[in-house]
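As a plain string of letters, each chain reads:
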Amino acid sequence: GISMGLRGFTYGYDYYTPEKSVCFHMYAVGKNKSKRKKVKLFWEHSSLYSGVGSQAMNRLLGIKQMNPDSITPDKWLHEEEQKYGNGKVRSLQKFFDTFGIHTKTQTVEQHLCRFVGKKMQNEFKPHLRSDAMGINCDTISFRFKDPAPDEKPPPLNGARL
């Protein structure tokens, strides 16, 4: 999820996008819906842990510097934050700026999927390190902006974080 992606990014890991999908997720519709409804879900016992979900989300968003101003640091647990927190190779803000995430307004630039793939590879390829150790994000000034702001966002991709 976003937690591991952001953590990896701040530790200097690069992620690559295959041109073809190699996996699926639970939220299928149409002919695949019946097959995917058999997959066990992590929230099937959620009624046993009332309130834990919102506490966990406040913690996650706090560590990732994405909480709204109304959720102050005293409202979430900081236990083992150093151990499971962010790295120091790249900033969270660099990721947010590059991929159109606006933490203060809790909105995202829509239609990112139109950029991911060949367009993103073409944009970032000139920033590959000469030592073959990935992408030098310090040299990337690209900031994703919605290429179709007047179009409705795709399903399951609302404007809220």
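Residues numbered from 1 in each chain as written. Predicted model: local features only at pLDDT ≥ 70, side-chain atom pairs only at ≥ 80, totals over all residues. Heavy atoms only, no water.

Novice: Would you mind showing me how to read the overall build of the protein chain here?
Specialist: When helices and strands are tallied, the protein chain shows six helices and two strands. Helices and strands in the protein chain line up, N terminus first, as α-α-α-α-α-β-β-α. Here the protein chain holds 161 residues, and 26% of them are scored as buried. Taken as a whole, the protein chain presents about 12,100 Å² of accessible surface, with 57% of it coming from carbon and sulfur. (Helix = DSSP H or I, 4+ residues; strand = E, 2+ residues; numbered from the N terminus. Buried < 20%, exposed > 50% of the residue type's maximum accessible area, 1.4 Å probe, protein only. Areas by Shrake-Rupley, 256 points an atom, 1.4 Å probe, with all protein chains shown as cover.)

Novice: How should I be thinking about the packing of helix 1 (residues 2–10) against helix 5 (residues 92–99) in this particular structure?
Specialist: Helix-helix packing: each pair is described by the crossing angle between the helix axes and the interaxial distance. Put simply, helix 1 and helix 5 touch, their axes get as near as 9 Å, and they point 115° apart. The angle between the axes of helix 1 and helix 5 places the two elements in the roughly perpendicular class. For the crossing formed where helix 1 meets helix 5, the hand is right-handed. Together, Leu6, Phe9 and Thr10 of helix 1 and Leu92, Lys94, Phe95 and Phe96 of helix 5 make up the contact between the two elements. (Axes fitted to C-alpha atoms, helices over the stretch in contact; angles between N-to-C directions. Parallel < 35°, antiparallel > 145°, perpendicular 65-115°, else oblique. Left-handed = near helix turned anticlockwise from the far one by under 90°. Contact = heavy atoms within 4.5 Å.)

Novice: I would appreciate a short explanation of the pattern of salt bridges in the present structure.
Specialist: Opposite charge on two side chains lets them pair, provided their charged atoms get close. Counting across every chain of the model gives five salt bridges. Between Asp14 and Arg90 there is a salt bridge, and its shortest N-O distance comes to 2.6 Å. Placement of Asp14 in the loop between helix 1 and helix 2 (33–36) and of Arg90 in the loop between helix 4 (81–84) and helix 5 is noted, with a sequence separation of 76 residues between them. Both residues of the pair, Asp14 and Arg90, count as buried. (Salt bridge = Lys/Arg side-chain N within 4 Å of Asp/Glu carboxyl O.)

Novice: So what exactly am I meant to see when it comes to the packing of aromatic side chains here?
Specialist: The geometry of an aromatic ring pair is captured by the separation of the ring centres together with the interplanar angle, meaning the angle of the planes. Considering all chains together, one arrives at eight aromatic pairs under this definition. Relative to Phe95, the ring of Phe9 lies with its centre 5.1 Å away and its plane at 70°, an arrangement referred to as edge-to-face. A residue pair is termed long-range when its members are at least 10 positions apart, and Phe9 in helix 1 and Phe95 in helix 5 qualify at 86 residues. Of the two residues, Phe9 and Phe95, both sit in the buried class. For the ring pair Phe115 and Phe142, a centre distance of 4.6 Å and an interplane angle of 15° mean the geometry is stacked. Within this pair, whereas Phe115 is found in the loop between strand 2 (107–108) and helix 6 (118–124), its partner Phe142 is found in the segment after helix 6, the two being separated by 27 residues in sequence. By way of ring pairs, the aromatic residues Phe9, Phe95, Phe96, Phe99, Phe115, Phe124, Phe142 and Phe144 are connected into one cluster. One cation-aromatic arrangement involves Arg90 over Phe9; the distance from NZ or CZ to the ring centre is 4.9 Å. (Phe/Tyr/Trp six-rings, centres within 6.5 Å; stacked < 30°, edge-to-face > 60°. Lys NZ or Arg CZ within 6 Å of the ring centre and 35° of its normal.)

Novice: Before we go on, may I ask you to explain the nonpolar core in this structure?
Specialist: When a protein is soluble and globular, its nonpolar side chains tend to lie buried together. In this structure, Leu6, Met66, Phe95, Phe96 and Phe124 are the most contacted members of the largest nonpolar core, which totals 16 residues. Those elements that place two or more of their residues in this core are helix 1, helix 5 and helix 6. Sort the elements by how many residues they give to this core and helix 5 lands first, with four residues. If we skip the residues at most four places from it in the chain, Leu6 touches Lys64, Met66, Leu92, Phe95 and Phe96. (Core = buried A, V, L, I, M, F, W, Y, C linked by side-chain atoms within 4.5 Å.)

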